[in-house]
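This is what each chain is made of:
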Amino acid sequence: MAGPRVEVDGGIMEGGGQILRVSTALSCLLGLPLRVQKIRAGRSTPGLRPQHLSGLEMIRDLCDGQLEGAEIGSTEITFTPEKIKGGVHTADTKTAGSVCLLMQVSMPCVLFAACPSELRLKGGTNAEMAPQIDYTAMVFKPIVEKFGFTFNCDIKMRGYYPKGGGEVIVRMSPVKQLSPINLTDRGCVTKIYGRAFVAGVLPFKVAKDMAAAAVRCIRKEIRDLYVNIQPVQEPKDQAFGNGNGIIIIAETSTGCLFAGSSLGKRGVNADKVGIEAAEMLLANLRHGGAVDEYLQDQLIIFMALASGISRIKTGPVTLHTQTAIHFAEQLAKAKFTVKKSEDEEDASKDTYIIECQGIGMTNPNL
């Protein structure tokens, strides 16, 4: 199983946790021993943070691998993977580190396990600098399932910055192979809906104000659609700590999904949070792509593993996406091309087609 170590420079491109997630997941899947150096080298707090550590430990446990250099502040790790196993796996960031990012690193791996898996992920469910769990459940899930698998995502407890304390249980069965996807036909927007939430001590009025401000902002640009954003008070037994935020989703005639979201912070008024989410959604609808900017990079690893040619139409290609492509090519030897879209309706827009010849990974256990 173990050949020469693959060397990964953790300081290039995105230069952060994402390089670690993509490279360790691919290492685990492909049985490639790995060394990652210069981890988060350019960040204000260089090296591994608690959430990166819990992701690495989870991957190690998923495949009974060996992990060296894995401690807070470390800028170099080596990882030697073994066989991926299903069953119950727990990862706890002990902080508000994102459960969604833990899911991002572990999900591709357990798809190629020998039996079904249950991932118990603890930390922040609605945290900064990461997808919110609502995004994962409402946008990422239905789209990623087009690769030919399903998973169940059970939100047991919501957790917010700075305490964390959230818990999500993800259950999924392994697959033999992933099918390629084609997400190039955007269609037209048919529905806009969402949820604005408050948890803990925050007054319900904050949720109503976020929702109302977001609706007003969207109305200026999209007049002919009913915008249904529900204000929600998270039940006390389902939310740990205090938080507020909003996610708004646009659905199209061809089943594409786009989102805008925002989280409240101390001293930021509710209207501003609502408007920020609405503006993010509108920006994602302007570029003519069929996926939003946050889904782009999350699909790359699945495209690389699928058997056949996948195509997605996107707006401007993000640094996260370029990073994911770079490592999918380096480690998995998948072939990607990124070209400006040639469709007439995209002529005036910044629209691209990302195409991938996947490696056709097959599950050796099935």
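Once a new chain begins, its residue numbering starts again from 1 and follows that chain's sequence as written. Predicted model: local features are reported for residues with pLDDT of at least 70 only, side-chain atom pairs are reported and counted for 80 or more only, and whole-chain, interface and lining totals are derived from all residues. The side-chain quantities take in all heavy atoms of the structure and omit both hydrogens and water.

**Focus on the overall build of the protein chain**
Phase 1: To qualify as a helix, a DSSP run of H or I must reach at least 4 residues; to qualify as a strand, a run of E must reach at least 2; elements of each kind are numbered from the N terminus. If you tally the helices and strands in the protein chain, you get eight helices and 17 strands.
Phase 2: Computation of the radius of gyration draws on C-alpha atoms alone. For the globule rule, the value is 2.2 Å times the number of residues to the power 0.38. In terms of overall size, the protein chain behaves like a compact globule, its C-alpha atoms giving a radius of gyration of 20 Å where 366 residues would be expected to give roughly 21 Å.
Phase 3: A principal-axis box enclosing the C-alpha atoms of the protein chain has dimensions of 60 × 50 × 40 Å.
Phase 4: Counting every position in the protein chain, which comprises 366 residues, the buried fraction comes to 55%.
Phase 5: For the protein chain, restricting intrachain contacts to residue pairs at least 6 apart in sequence, the fraction spanning at least 24 positions comes to 75%.
Phase 6: For the protein chain, the exposed area adds up to about 15,000 Å²; of that, 52% sits on carbon and sulfur atoms. When a residue's accessible area, from a 1.4 Å probe over protein chains only, is under 20% of the maximum for its type it is buried; when over 50% it is exposed; and in between it is partly exposed. Here a residue-residue contact requires only that any non-hydrogen atoms of the pair lie within 4.5 Å. Using a 1.4 Å probe, the Shrake-Rupley method yields the accessible areas, and only the shown protein chains count as cover for residues.

**Considerations on the sheet that holds strand β6 (residues 117-123)**
Phase 1: At least two DSSP bridges between two strands are needed for those strands to be called paired. Reading across the sheet, the five strands line up as β5-β6-β8-β7-β12 and stay open at both edges, with mixed pairing between neighbours. Unpaired on one side and paired on the other, β5 (87-92) and β12 (239-240) mark the two borders of the sheet.
Phase 2: Bridge count between strand β7 (residues 151-159) and strand β8 (residues 166-172): six bridges; the pairing is antiparallel. Across the sheet, Asn152 pairs through a bridge with Arg171, a residue of β8.

**With respect to the domain arrangement of the protein chain**
It is common to give the size of an interface as the accessible area that goes away when the parts come together.
Phase 1: Note that the domain bounds reflect an automated or database-derived domain assignment. Structurally, the protein chain comprises domain 1 (6-183 + 291-359) and domain 2 (189-286).
Phase 2: Centre-to-centre, using C-alpha coordinates, domain 1 lies 25 Å away from domain 2.
Phase 3: Taken together, the contact between domain 1 and domain 2 spans 24 residues of the former and 26 residues of the latter.
Phase 4: Reported buried area values correspond to the accessible surface (1.4 Å probe) lost by two parts on association, with both partners' losses combined. Together domain 1 and domain 2 conceal approximately 2,100 Å² of surface at their shared face, both sides included; 62% is due to carbon and sulfur atoms.
Phase 5: For domain 1, the biggest contributors to the area lost against domain 2 are Gln132, Met138 and Tyr160; these three give 28% of the whole.
Phase 6: In the sections that follow, a salt bridge refers to a side-chain nitrogen of Lys or Arg positioned within 4 Å of a carboxyl oxygen of Asp or Glu. The partner of Glu128 in a salt bridge is Lys265, and the shortest N-O contact between them spans 3.2 Å.

**Brief notes about the environment of Val215**
Phase 1: One can find Val215 in helix α5 (residues 204-221).
Phase 2: Accessibility expressed as a relative area gives 15% for Val215, which makes it buried.
Phase 3: With 91 residues separating them in the primary sequence, Val215 and Ala306 have C-alpha atoms 39 Å apart.
Phase 4: When residues no more than four places from it in sequence are discounted, the contact partners of Val215 are Val227 and Ile229.

**Some thoughts on the nonpolar core**
Phase 1: By nonpolar core is meant a set of buried Ala, Val, Leu, Ile, Met, Phe, Trp, Tyr and Cys residues that side-chain atoms within 4.5 Å join together. Ranked by internal contacts, the top residues of the largest apolar core, which has 109 residues, are Phe149 and Leu299.
Phase 2: Those residues in contact with Phe149 that sit more than four places away from it in its chain are Met107, Leu111, Val144, Met172, Val175, Leu178 and Phe302.
Phase 3: Counting six residues, the second largest nonpolar core, distinct from the first, contains Phe197, Ala199, Val232 and Leu263.

**Focus on the layout of surface pockets**
Phase 1: Roughly 1,200 Å³ of volume is contained in the largest pocket.
Phase 2: Around the largest pocket, the lining comprises 41 residues; the ones closest to its centre are Leu101, Glu128, Met129, Ala130 and Pro131.
Phase 3: Of all the elements in the fold, those that place two or more residues in the lining of the largest pocket are α1 (17-30), α2 (50-62), α3 (99-110), β14 (257-263), α6 (270-286) and α7 (293-305).
Phase 4: No other element matches the five residues that β14 contributes to the lining of the largest pocket.
Phase 5: Class assignment of the residues belonging to the lining of the largest pocket gives a composition of 14 nonpolar, 17 polar and 10 charged.
Phase 6: Both of domain 1 (6-183 + 291-359) and domain 2 (189-286) provide at least three residues apiece to the lining of the largest pocket.
Phase 7: By volume, the second largest pocket is sized at about 540 Å³.
Phase 8: Throughout, the ten residues Ala, Val, Leu, Ile, Met, Phe, Trp, Tyr, Cys and Pro are labelled nonpolar, Asp, Glu, Lys and Arg are labelled charged, and all others, Gly among them, are labelled polar. Tallied by class, the residues present in the lining of the second largest pocket amount to nine nonpolar, seven polar and four charged.
Phase 9: Structurally, the lining of the second largest pocket is a two-domain feature, drawing no fewer than three residues from each of domain 1 (6-183 + 291-359) and domain 2 (189-286). The distinction between a cavity and a pocket rests on a 1 Å grid over the protein atoms alone: a 1.4 Å probe fits inside a cavity but cannot get out, while a pocket stays open yet meets protein on both sides within 12 Å along at least five of seven lines, and a residue with an atom within 4 Å of a point counts as lining. Grid points are joined across faces, edges and corners, and a volume is the space filled by probe spheres set on the points.

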